[in-house]
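The residues making up each chain are set out below.
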Amino acid sequence: MEFSRRQFLYTAACAAGCLGVSRPLGRSLLRSQVRHTGSITPRTHSITPVVFDGIWNWREEPAGESGYLDPREFEIKAGIRWISEGEARNLRGSTPVPIAFPEQELSDVRIENPEDCAAKVVALGETAAQLQVHAPVIRHGQTITATVIGRVKLYRHCPHYSAEQFPAGGVVPPEIAADAIGNSPGIRCETTAVRRLAEEISSRHDLPWNRARKFFDWVWENIEGHPGAYTSVEAALKHRCGDCEERAGVFVALCRAAEIPARLVLVPNHCWAEFCLIDGDGAAHWIPAHTAAYNWFGWTGAHELVLQKGDRIHQPGSDSTVRLVSDWWSYEGRKPRIEYFGELTPVEGPGKRVKNAQGGWDLDGGHPDDRFLRS
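Residues numbered from 1 in each chain as written. Predicted model: local features only at pLDDT ≥ 70, side-chain atom pairs only at ≥ 80, totals over all residues. Heavy atoms only, no water.

In contact at an axis separation of 9 Å, helix H4 (residues 192-201) and helix H5 (residues 208-222) are set at 110 degrees when each is read in the N-to-C sense. Here H4 is positioned roughly perpendicular relative to H5, judged by the angle of their axes. Counted together, Leu197, Ala198 and Ile201 of H4 and Arg211, Lys214, Phe215 and Trp218 of H5 form the full contact between these two elements. In terms of residue class, the contact of H4 with H5 is made up of 5 nonpolar, no polar and 2 charged. (Axes fitted to C-alpha atoms, helices over the stretch in contact; angles between N-to-C directions. Helix = DSSP H or I, 4+ residues; strand = E, 2+ residues; numbered from the N terminus. Parallel < 35°, antiparallel > 145°, perpendicular 65-115°, else oblique. Contact = heavy atoms within 4.5 Å. Nonpolar A, V, L, I, M, F, W, Y, C, P; charged D, E, K, R; others polar.)

The biggest cluster of nonpolar side chains holds 42 residues, and the ones touching the most others in it are Trp209, Trp218, Phe251, Leu254 and Phe275. Secondary structure elements with two or more residues in this core: H4, H5, helix H6 (233-239), helix H7 (244-257), strand E10 (262-267), strand E11 (270-278) and strand E12 (284-289). The greatest single-element share of this core, amounting to 9 residues, is contributed by H7. One finds Ala78, Val97, Ile138 and Val148 within the second-largest nonpolar core, a separate group that totals 25 residues. (Core = buried A, V, L, I, M, F, W, Y, C linked by side-chain atoms within 4.5 Å. Buried < 20%, exposed > 50% of the residue type's maximum accessible area, 1.4 Å probe, protein only.)

With that settled, the discussion passes to the packing of H4 against H7. Two elements in contact, H4 and H7, have axes separated by 9 Å at closest approach and are oriented at 80 degrees. Considering their axes alone, H4 and H7 lie roughly perpendicular with respect to each other. Contacts between H4 and H7 involve Val194, Arg195, Leu197, Ala198 and Ile201 from the first element and Ala253, Leu254 and Ala257 from the second.

Tallied over the full model, the rule gives 3 cavities of 30 Å³ or more. Lining the largest cavity are 17 residues, with His303, Glu304, Gly351, Arg353 and Leu373 positioned closest to its centre. Across the lining of the largest cavity, the residue classes tally to 10 nonpolar, 3 polar and 4 charged. What the second largest cavity holds in volume is close to 150 Å³. Taken together, 19 residues line the second largest cavity, and the ones lying closest to its centre are Pro42, Pro96, Leu307, Lys355 and Trp361. (1 Å grid on protein atoms, 1.4 Å probe; cavity = no way out; pocket = protein on both sides within 12 Å on 5 of 7 lines; lining within 4 Å. Points joined across faces, edges and corners; volume = space filled by probe spheres on them.)

Moving on, we come to unusual backbone geometry. One can expect most non-glycine residues to show negative phi and most peptide bonds to be in trans. In this structure, arginine 240 is a non-glycine residue whose phi angle is positive, near 55 degrees. You can call arginine 240 partly exposed: its relative accessible area is 37%. Here alanine 293, not a glycine, exhibits a phi torsion of approximately 65 degrees, which is positive. Looking at the element boundaries, alanine 293 is found in the loop between E12 and strand E13 (308-309). The exposure class of alanine 293 is buried, given its relative accessible area of 1%.

Before going further, it helps to spend a moment on the packing of aromatic side chains. A complete count under the given rule lists 12 aromatic pairs for this structure. Ring geometry for phenylalanine 275 versus phenylalanine 297: centroids 5.4 Å apart, planes at 20 degrees, classification stacked. Within this pair, whereas phenylalanine 275 is found in strand E11, its partner phenylalanine 297 is found in the loop between E12 and E13, the two being separated by 22 residues in sequence. Above the plane of the ring of tryptophan 58 lies arginine 156, whose end atom (NZ or CZ) is 3.9 Å from the centre. The lysine or arginine in question, lysine 309, covers the ring of phenylalanine 101, its NZ or CZ lying 4.6 Å from the ring centre. (Phe/Tyr/Trp six-rings, centres within 6.5 Å; stacked < 30°, edge-to-face > 60°. Lys NZ or Arg CZ within 6 Å of the ring centre and 35° of its normal.)

With that out of the way, let us pick up the pairing of E10. Here E10 lies mainly inside the structure; 6 of its 6 residues are buried. Burial along E10 is two-sided: the face carrying Ala262, Leu264 and Leu266 and the face carrying Arg263, Val265 and Val267 are both buried. Sheet topology note: the E10/E11 ladder contains 6 bridges and is antiparallel. Paired with leucine 264 across the two strands is alanine 273, which belongs to E11. In this structure, the hairpin formed by E10 and E11 is closed by a connection of 2 residues, where asparagine 269 is found at a positive phi of approximately 65 degrees. Strand direction decides the pairing type here: E10 and E13, joined by 2 bridges, are antiparallel. Its bridge partner being in E13, valine 265 is matched across the sheet by lysine 309. (Pairing = 2+ DSSP bridges.)

Turning to H4, its buried residues number three or more, namely Val194, Leu197, Ala198 and Ile201. Buried residues of H4, seen end-on, are gathered within an arc of 100 degrees and therefore sit on one face of the element. Exposed positions of H4 whose direction lies more than 90 degrees from the buried face are Arg196 and Glu200. (Arc of directions from axis to C-beta.)

Turning to the layout of surface pockets, a few remarks are in order. Approximately 600 Å³ is the volume attributed to the largest pocket. Going through the elements one at a time, helix H3 (174-180), E12 and strand E14 (313-314) are the ones with two or more residues in the lining of the largest pocket. A total of 4 residues in the lining of the largest pocket trace back to one element, the largest contributor, which is H3. Within the lining of the largest pocket, the residues separate by chemical class into 11 nonpolar, 6 polar and 9 charged. For the second largest pocket, the calculated volume is near 370 Å³. What lines the second largest pocket is a set of 18 residues, among which Ser94, Gln130, Gln132, Pro316 and Trp328 lie closest to the centre.

Read these as layout, nothing more, since geometry by itself doesn't imply function.
Take a look at the structure:
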């Protein structure tokens, strides 16, 4: 732990017998002046193919329809709770919360928090957001809770794209290239291994759609599903295995090595990828590629809550970027019990999820059709 300059001078003065302090500086006094921090990384582990029952998980894109289809409504809740086990000060915490995307509409969003803390939702660029909470002090036995509550309407995305819509040589807008080309935390696309593999898998003469499709097929055929904490693209290629995040990361790295913008998409307990192609009119299109659990390329046949898009997220107060936005906390004094909670509740049908202490979103299991949904 590092002391601030003020804390250092105070400690030195106490040690020298100044400020009227005659006893040695105790551990409790030192602890009360130190800022303690911690975080929980979101859990990504879904790799086993689901049951394509045709109702909750579509096997094929529906004929005769395209765009954002079959909306389902859910209630969403996410928040932070501090339970005091002794006095603490300057408590801060943040947790990811969903934002609007074309396949995800938010409404009736509000924050519930007591007067003794401040809470707000802060956008992290255009593809992620977090609830930020600050409490100046928490007394022994006190509980402070801040919650984001709202409604979300989720769509299946079935655009029916084709390779001919995206000719070679499309100019990628600079704002897309800035976040979806090049290396990002844990996803290195500029290594010799990745570049050589991208060249081996596809030809530079392929249309961009076909190159991306070949990368997608290669991941499914060569990276075996293996649950566990995220490693890296290099490790996944070396050992030919990985969780859904590694498999999506390999696809993203291969696309970027071929100068196709790509990014991660984080949903509860799962991760896939999107790649961006430019059509004949110069418009950019973000296209899904499900590299684990589901095997959809170019479309999405389930209702999934998007927690974050992108893997180079700028967090407030830091010059560094992160791959996934985590639950985060800091405090001074006696550590409180810290809880991050969330619920996604369908208005009707299966799919209720509850956030657990490890950052995962478990299926509630209270609906008989939950067996058709991924874990």
